[in-house]
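Each chain is listed here by its residues.
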Amino acid sequence: MPYYITDGTTARESEGLVVWSEAYSTTATTHVDIEMKTAQNAGYNKFILELYGIDLQENTAQLRLRPMTAANTVDGDGCYGGFLVHGEGNGNITAYDASFNNDAAIPLSGKRAGAELSSGYYGNYTIHISFNDVGGVGASPNYYWHGAHRLNATLASQIIGGGTHAGADTTYGLRLETDYPSNNYLLSYGYTLYALKSGSGH
């Protein structure tokens, strides 16, 4: 439902962020699917995804997002971008600065395994996601993220990155998983998906 902003004389209609979906679990799983198509059908095309309480299989699993083409279906490639990781274990930004090219997933933890010590050093991330509403344009969604997570080698770390997805229509949503998609290596997670109407949609 819209709200109105006024200067006392004139008013204009505005759409605020709405909580579209949320979940939290401490049961180990392979993945969680975050559906976004119904929000887009309702006119929302920009999203903020907050992740918290991320615990991964110790020094083994990396955190990532897979673009989805339909329910229970992930795309196999098309992710392009870059990231950097630096932190307690290594503050040299260029040491963990890398690109990803036609990857199957968005490497949220910078292609580094979690090292949470099973004691609360969990990951927290904010991901901004924008879907393109222009027919025939393949670069969608665009995304950028930042996070804090205790990771292998860099330990307590800042992670930032961004990029785009090209190719298949992946407006259905995103799958949160690890780089071991057949194993229950996502030990705990929480997420809140916020949706925003942005006017033109670009």
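Not measured: the values here are computed from a predicted model.

Draft legend 1. Structural view of unusual backbone geometry. Phi is positive for Lys 111, close to 60 degrees, though the residue is something other than glycine. As for its position among the elements, Lys 111 is in the loop between strand E9 (97-103) and strand E10 (123-130). Positive phi is not limited to glycine here, since Leu 155 has a value of about 60 degrees. You can see Leu 155 is positioned in strand E12 (residues 155-165).

Draft legend 2. Broad picture of the sheet that holds E12. Strands sit in the order E3-E14-E5-E10-E11-E12-E8-E9 across an open sheet of eight strands; the sheet is antiparallel. This sheet does not close on itself; its edge strands, each paired only once, are strand E3 (18-25) and E9. On average, each strand axis in the sheet is inclined to that of its neighbour by 15 degrees, with strand direction left out of account.

Draft legend 3. Region of the structure containing the pattern of salt bridges. Counted under the stated rule, the structure contains four salt bridges. Residue Arg 64 is joined to Glu 177 by a salt bridge in which the shortest nitrogen-to-oxygen separation is 2.8 Å. Taken together, the positions of Arg 64 in strand E6 (residues 63-70) and Glu 177 in strand E13 (residues 173-178) put the pair 113 residues apart, joining distant regions of the chain.

Draft legend 4. How the structure looks around the environment of Ala 113. With respect to the helices, strands and loops of the structure, Ala 113 is situated in the loop between E9 and E10. Aside from chain neighbours lying at most four places away, what touches Ala 113 is Asn 59, Thr 60, Ala 61, Gln 62, Leu 151 and Asn 152.

Draft legend 5. Quick look at the nonpolar core. Of all hydrophobic cores here, the largest spans 34 residues; its most connected members are Leu 51, Leu 108, Trp 145 and Leu 176. Elements represented by at least two residues in this core include exactly strand E4 (31-35), strand E5 (46-56), E6, strand E8 (79-87), E10, strand E11 (142-151), E13 and strand E14 (186-196).

Procedures and definitions
Residues numbered from 1 in each chain as written. Predicted model: local features only at pLDDT ≥ 70, side-chain atom pairs only at ≥ 80, totals over all residues. Heavy atoms only, no water. Helix = DSSP H or I, 4+ residues; strand = E, 2+ residues; numbered from the N terminus. Pairing = 2+ DSSP bridges. Axes fitted to C-alpha atoms, helices over the stretch in contact; angles between N-to-C directions. Salt bridge = Lys/Arg side-chain N within 4 Å of Asp/Glu carboxyl O. Contact = heavy atoms within 4.5 Å. Core = buried A, V, L, I, M, F, W, Y, C linked by side-chain atoms within 4.5 Å. Buried < 20%, exposed > 50% of the residue type's maximum accessible area, 1.4 Å probe, protein only.

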